[in-house]
Protein chains: 2
Amino acid sequence: MSQPQTQFRSRCSIARTLDVLGDKWTLLVVRDLMWHGKHTFQELQASEEHIAANLLSERLKRLMALGLVAREAYQDRPVRYRYALTEAGRSLEGLLLQIMGWGHAHLGGGLYDPRTGRTVADASPDGPQ
Amino acid sequence: MSQPQTQFRSRCSIARTLDVLGDKWTLLVVRDLMWHGKHTFQELQASEEHIAANLLSERLKRLMALGLVAREAYQDRPVRYRYALTEAGRSLEGLLLQIMGWGHAHLGGGLYDPRTGRTVADASPDGPQ
DNA sequence: ACAACTCACTTTCAAAATTAAAGTGACTAT
DNA sequence: ATAGTCACTTTAATTTTGAAAGTGAGTTGT
């Protein structure tokens, strides 16, 4: 996880986190690895948001370079990989929960409970109140 | 907040939040409005990450459309605006704190204390400043 | 008066990122 | 042999970004 500080825009922790995770896809991959039992390339690609294969490939590489994800071959000939969060990757759970909580409260999205593995139907179709 | 205008990629609250806030700049603008007393276009633009003027302009419009930011004229002739978080915008503080905490712990960024307005020098991966 | 300057943007345009689709390579199943 | 699966990579069009320059309303300095 140690990166030379020159790769970041600034010393601000928020800016640094956004440098690394600030896009529309990375945290969805983390979500699927964290909670939804998706561990192969195919499973990750099949999520309802439909990430393009080249982006998934690139995001997994970045997450691995950051030490947040690791992969292991689950088969040889041909070699196929299973991706999983590392300890550092699992440390993103609080962030994911916070983001989910906000999106539930303000954008009418569902609320997933990691304890039960169930998503609560949201309270309002397209907005808060 | 805003009406049913935005179409989201999915019902997932994380995906929805990323649809709206998932880029490298939006939350930095929120950070500056939330904690750093930056309220004019110029002040926001002068932050150390140096957002381009066109992006700042577009992000402020989006945040206003989402009801997270509101502006008021602080002067006529020429009219000039002061931007501020709405109640809904201020609800992003927990998310910001969580992102900051993670970036501090894992990317060696600083830790800002909203109570004191001070940033603690980091102790983590990249060493002290 | 007139030029210089400030602020809040908008426009321009090249570079980079995203998207959707098709292609590749190693194998397995029929 | 042919078709299919999986994990990608490549390609090409579109969109977003980033940096710089430009604009317009007004103020300040000489």
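In what follows, the structure referred to is the one given above.
Being a predicted model, the structure only gives us computed values, none of them experimental. Think of each chain on its own: its residues are numbered from 1, step by step along the sequence as written. All chains are assigned letters beginning with A, and all ligands numbers beginning with 1, in the order in which they are written. With pLDDT at 70 or above as the cut-off, local features in this predicted model cover only qualifying residues; side-chain atom pairs require 80 or more to be listed or tallied, and sums for whole chains, interfaces and linings still use all residues. The side-chain figures draw on all heavy atoms in the structure; neither hydrogens nor water molecules are used.

**Student:** Looking at this structure, I do not really get the packing of helix α6 (residues 93-107) of chain A against helix α1 (residues 13-21) of chain B. What am I missing?
**Tutor:** Helices that pack against each other are described as a pair by the angle of their axes relative to one another and the distance between those axes. Axis lines are fitted through C-alpha atoms, for helices just across the contact stretch, and the angle between N-to-C directions can take any value from 0 to 180 degrees. Numbered from the N terminus, helices here are DSSP runs of H or I no shorter than four residues, and strands are runs of E no shorter than two. Close contact between α6(A) and α1(B) brings their axes to 7 Å; oriented N to C, the two are set at 80°. Classified by the angle their axes make, α6(A) and α1(B) are roughly perpendicular. Where α6(A) approaches α1(B), its residues Leu96(A), Ile99(A), Met100(A), Trp102(A), Gly103(A), His104(A) and Leu107(A) are matched on the opposing element by Ser13(B), Ile14(B), Arg16(B), Thr17(B), Val20(B) and Leu21(B). Should an angle fall under 35 degrees it is taken as roughly parallel, and over 145 as roughly antiparallel, whereas 65 to 115 is taken as roughly perpendicular and any remaining angle as oblique. By the convention used here, residues are in contact when the closest approach between their heavy atoms is within 4.5 Å.

**Student:** Is there a simple way to think about the layout of surface pockets in this case?
**Tutor:** Two kinds of site are reported from a 1 Å grid over the protein atoms alone, namely cavities, where a 1.4 Å probe fits but cannot get out, and pockets, open sets with protein on both sides within 12 Å along at least five of seven lines, and residues are called lining when an atom falls within 4 Å of a point. Grid points are joined across faces, edges and corners, and a volume is the space filled by probe spheres set on the points. Put simply, the largest pocket is a space of about 290 Å³. If you trace the largest pocket, you find 21 residues lining it, with Arg11(A), Cys12(A), His36(B), Glu48(B) and Thr119(B) closest to the centre. Of all elements in the fold, only α1 (13-21) of chain A together with α2 (26-35), β3 (111-113) and β4 (118-120) of chain B reach the threshold of two or more residues within the lining of the largest pocket. Taken together, the residues of the lining of the largest pocket sort by class into eight nonpolar, six polar and seven charged. Within this model, the second largest pocket holds a volume of roughly 210 Å³. Looking at the second largest pocket, it is lined by 16 residues, and the ones nearest its centre are Arg31(A), His36(A), Glu48(A), Thr119(A) and Cys12(B). Among the elements of the structure, α2 (26-35) of chain A together with α1 of chain B are those that each provide at least two residues to the lining of the second largest pocket. The biggest single contributor to the lining of the second largest pocket is α2(A), with three residues. Note that Gly is not counted as nonpolar here; it falls among the polar residues with everything else outside the nonpolar set of Ala, Val, Leu, Ile, Met, Phe, Trp, Tyr, Cys and Pro and the charged set of Asp, Glu, Lys and Arg. Among the residues forming the lining of the second largest pocket, the class breakdown is five nonpolar, five polar and six charged.

**Student:** Is there a simple way to think about empty space enclosed by the protein in this case?
**Tutor:** Empty pockets left among the atoms are what a rolling probe the size of a water molecule brings to light. A complete count under the given rule lists four cavities of 30 Å³ or more for this structure. If you add up the space inside the largest cavity, you get close to 140 Å³. Lining the largest cavity are 16 residues, and of these Leu18(A), Leu27(A), Leu18(B), Leu27(B) and Ile99(B) sit closest to its centre. The set of elements that each furnish at least two residues to the lining of the largest cavity consists of α1 and α6 of chain A together with α1 and α6 (93-107) of chain B. A class-by-class count of the residues in the lining of the largest cavity yields ten nonpolar, four polar and two charged.

**Student:** Explanation requested: the protein's contact with DNA strand C in the structure shown.
**Tutor:** For this description, a residue counts as near a given molecule or strand if any of its non-hydrogen atoms is within 4 Å of it. Near DNA strand C, the surroundings consist of 20 residues, among which Trp25(A), Gln42(B), Ser57(B), Tyr74(B) and Tyr83(B) are the closest. Near the protein, within 4 Å, the atoms of DNA strand C are sugar or phosphate in 69% of cases. Take Ser57(B): an N or O atom from its side chain is 2.6 Å from a phosphate oxygen of DNA strand C. The separation between a phosphate oxygen of DNA strand C and a polar side-chain atom of Arg71(B) is 3.5 Å. Within the residue set of the surface near DNA strand C, elements represented by two or more residues are α4 (53-65) of chain A together with α3 (41-45), α4 (53-65), β1 (69-75) and β2 (80-85) of chain B. Element by element, the count of residues in the surface near DNA strand C is highest for α4(B), at four residues. In terms of residue class, the surface near DNA strand C is made up of nine nonpolar, five polar and six charged. Residues adjacent in sequence count toward polar contacts only when both atoms are side-chain atoms; beyond that, a polar contact is any pair of N or O atoms within 3.5 Å, and within protein one must be able to donate a hydrogen and the other to accept it.

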